[in-house]
Amino acid sequence: MKRPELVAVLAAIVAAVVIQILLVTGVMNAYAELIVQYACIVTIATLGLNIIYGFNGQFSLGHIAFYGLGAYSAALVTKLWTGDNPFGFFGAIIVAAIVSGGVAFLVGLPILRLRSDYLGIATLGFTVIVKVFFDNADAWVPAMGGARGMTAIPRMTSWPWVAVATIVAVVLMRNFAYSSPGRATMSIREDEIAASAMGVNTTKYKTIAFVMGCVYAGVAGALYAHLYAFLHPSNFDFLKTFDMLLIVVLGGLGSISGTIMAALGWTFLLEGLRVVLPSEVLDLRYVIYPLMLIIVMLLRPTGLFGGMELPFLRAPRIPKLEKRPQSAAAESR
Amino acid sequence: MPLLKVDNLTKNFGGLKAVNGISFEIGEGELIGLIGPNGAGKTTVFNLITGHYEPTAGDILFDSRSIVGVPPHEVTKLGIARTFQNIRLFGSLSVLDNVRIAYNCRVKYGFMEALLRVGGFAHEEKKLTMQAQELLQLFNLADKQDEPAGSLPYGEQRRLEIARALATSPRLLLLDEPAAGMNPAEVHNLMELIQFIRKQFDLTILLIEHQMRVVMGICERVVVMDFGEILAEGTPAEIQSNPKVIEAYLGKEVA
């Protein structure tokens, strides 16, 4: 890692520590703590969708399902076995990543050959199936609670966990973006036929991007499950997948900074309106925020950060070569 | 021993015989033109060779190994690169990245090393960036490395596409109408460029082209296709005076 990135990581750690101090000293109340954590969890999940849709160009409406799979599988681990042991919680997060990634791999193999809208429909179908599975899961695993919801999950998620996960997620995604596998992934979005003609194994990189994105969703789901200590199938309804899609598009497809900003902004806006608006007109939230969406998309059709990154997330600069006279095109003049 | 041997190659799209039992050979180091009227099946032949289409029948031998059924990225790895008739660059990615992507199949670090920035990552990345930059310099595109490929002027996009194809280190280069849409001065430069890269990179080249100036000027042998079949084969001079070729292009004289 080069210096500006190192500075950025250090700055992020300092910011996380400052928030932790604010929490411990009681300057930030429990409600604010919850919102900040939830905002970061949304960030991790939507970064994952940005890998799939923004980097790789695969239109997935299944992201919420992988988020749910991560949430339920991690919750099962802690509820049934490890309780409030922090190592157990770490293990549960890993299990969530493996379950989401593994299912993504198995589901991805047959459906990733589909393109755009067709892939969207197939992944939407998957989301509906997973929701039905959660609704009826108590028939096989009583601890999952089925349509009554899953209760008694240890409340393990705390700011340090969320902060570390968010920083790791951003750093890994940036490293991926500016590497050969990352470039290969993006070339598929640009032109799949040309990519394959340039030696890019398109099946392989589509699978890598899909699995990686779903692992992000799974980890975010695990943190979410242990934040609220309660899971309900309706949290993973297919409609919720559009919230994630919206954040990624709003931030700008393929922009890491954009997804981070949009995810934080979206969460804070919805919660902020809850504080600002009187309770009788609270439903106006869902008028105000779509209106803001429409305005943003009209003013910035490529999203807030379309094609842009914050300085520390930008591609490393590569100095140009010195000019040499004997180039082919020069010779032919 | 020919580098590429196409044997009785056939491709049907439903009832349409796009390519109908054609056979030809390309020797190591040759520069061959593939010409024919629109819809003759020239680009289909390219797509068959590069693995984008599966042939209905027939065989393609590259370096005496059958490459029928080999996926496109593997064909590229074996040493066949191509450009496209309607330029297919990675438009929103930088010029440099367009070329660096073509090194992907030979990169020596994996996904995990890229994520964690360990192992040979830094060294390998530096090496391939250097190679890409040198290639761009050779094509007079070094100054534009950070611009999105889609924003380049047309002629430079054509040049970049050839540079990108060469980055895969091919032995056989397939050029699909490289001179399309170029003005006479650009065509002249292109012809010299093709001859230059052929020597510089030790290439065998198969070229689809409509501009007779290019074909007759640089090709050693010409294969003429019409309605999915080979109409004639020979030196440019022979082809120019072949009555069947003239008929395919200009039509029959009214008796």
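Model, not experiment: these values are computed from the prediction.

Parameters at a glance
Residues numbered from 1 in each chain as written. Chains lettered and ligands numbered in written order. Predicted model: local features only at pLDDT ≥ 70, side-chain atom pairs only at ≥ 80, totals over all residues. Helix = DSSP H or I, 4+ residues; strand = E, 2+ residues; numbered from the N terminus. Rg over C-alpha atoms; globule rule 2.2 N^0.38 Å. Buried ≥ 20, exposed ≤ 12 C-beta atoms within 10 Å, placed from the backbone. Contact = placed C-beta atoms within 7 Å. Pairing = 2+ DSSP bridges. Core = buried A, V, L, I, M, F, W, Y, C linked by C-beta atoms within 7 Å. Domains from an automatic or database assignment. Nonpolar A, V, L, I, M, F, W, Y, C, P; charged D, E, K, R; others polar. Axes fitted to C-alpha atoms, helices over the stretch in contact; angles between N-to-C directions.

Secondary structure assignment for chain A yields 13 helices and 0 strands. Going residue by residue from the N terminus, the α and β elements of chain A occur as α-α-α-α-α-α-α-α-α-α-α-α-α. For 333 residues, the compact-globule formula gives about 20 Å, and the C-alpha radius of gyration of chain A, at 21 Å, lands near that figure. The dimensions of chain A, computed from C-alpha atoms along their principal axes, are 75 × 45 × 45 Å. Counting the 333 residues in chain A, one finds 46% classified as buried. Taking the contacts inside chain A whose residues are at least 6 apart along the sequence as the reference set, 78% of them involve residues at least 24 apart.

All names here are of chain B. You will see that asparagine 140, though not glycine, has its phi angle at about 60°, which is positive. Take asparagine 140: it is sitting in the loop between α5 (121-138) and α6 (154-167). Exposure remark for asparagine 140: the 21 C-beta atoms within 10 Å place this residue in the buried category. We note that phenylalanine 227 has phi near 50°; this positive angle belongs to a residue other than glycine. With respect to the helices, strands and loops of the structure, phenylalanine 227 is situated in the loop between β9 (221-226) and β10 (229-234).

Residue and element names in this part refer to chain B. When strand β1 (residues 4-13) meets strand β2 (residues 16-26), the two strands line up antiparallel, connected through 7 bridges. Within β2, the position partnered with lysine 11 by the bridge is valine 19. Between β1 and the antiparallel strand that follows it, β2, lie 2 residues; glycine 14 among them carries a positive phi value of about 60°.

With that settled, consider the interface of chain B and chain A. Every contact between the two is made by 42 residues of chain B and, on the other side, 34 residues of chain A. For the side of chain B that touches chain A, the secondary structure elements donating two or more residues are α2 (72-78), α3 (95-101), α4 (111-116), α5, α6 and α7 (184-201) of chain B. In terms of residues, the side of chain B that touches chain A owes the most to one element, α7 of chain B, which gives 5 residues.

Our next topic: the nonpolar core. If you look at the biggest cluster of nonpolar residues, it comprises 169 residues, and the most contacted ones within it are Tyr216 and Val219 of chain A. The dominant element in this core, judged by the number of residues it contributes, is helix α9 (residues 202-228) of chain A, at 17 residues. Taken domain by domain, the makeup of this core includes at least three residues from each of domain 1 (27-54 + 68-79 + 170-255) and domain 2 (88-164) of chain B. In this structure tyrosine 216 of chain A touches Ile44, Ala45, Leu47, Gly48, Ile51 and Ala169 of chain A, once residues within four positions along its chain are discounted.

On to the domain arrangement of chain B, then. All names here are of chain B. Split into domains, chain B comes out as domain 1 (27-54 + 68-79 + 170-255) and domain 2 (88-164). Here the C-alpha centre of domain 2 lies 27 Å away from the C-alpha centre of domain 1. Counting from both sides, the interface comprises 7 residues of domain 1 and, opposite them, 5 residues of domain 2. Take the side of domain 1 that touches domain 2: its biggest share by element is 3 residues, from α2. Among the residues making up the side of domain 1 that touches domain 2, the classes are represented as 2 nonpolar, 3 polar and 2 charged.

This part takes up the sheet that holds strand β6 (residues 80-82) of chain B. Residue and element names in this part refer to chain B. The strand order β6-β7-β8-β3-β9-β10 describes an open sheet built from 6 strands, whose pairing is mixed. Two strands bound the open sheet, and with one partner strand each, they are β6 and β10. In this sheet, adjacent strand axes meet at a mean angle of 20° when their direction is disregarded. Sheet topology places strand β3 (residues 31-35) next to strand β8 (residues 204-208); 4 bridges connect them, and they run parallel. The partner of isoleucine 32 across the bridge, within β8, is leucine 206.

Residues and elements named next belong to chain B. Taken in spatial order, the 4 strands make up an open sheet running β2-β1-β4-β5, and their pairing is antiparallel. Both edges of this open sheet fall to β2 and β5 (65-66), since each of them pairs with a single strand only. Of the pairings in the sheet, the one linking β1 to strand β4 (residues 57-62) comprises 5 bridges and is antiparallel in character. By the bridge assignment for β4, threonine 10 is matched with alanine 57.

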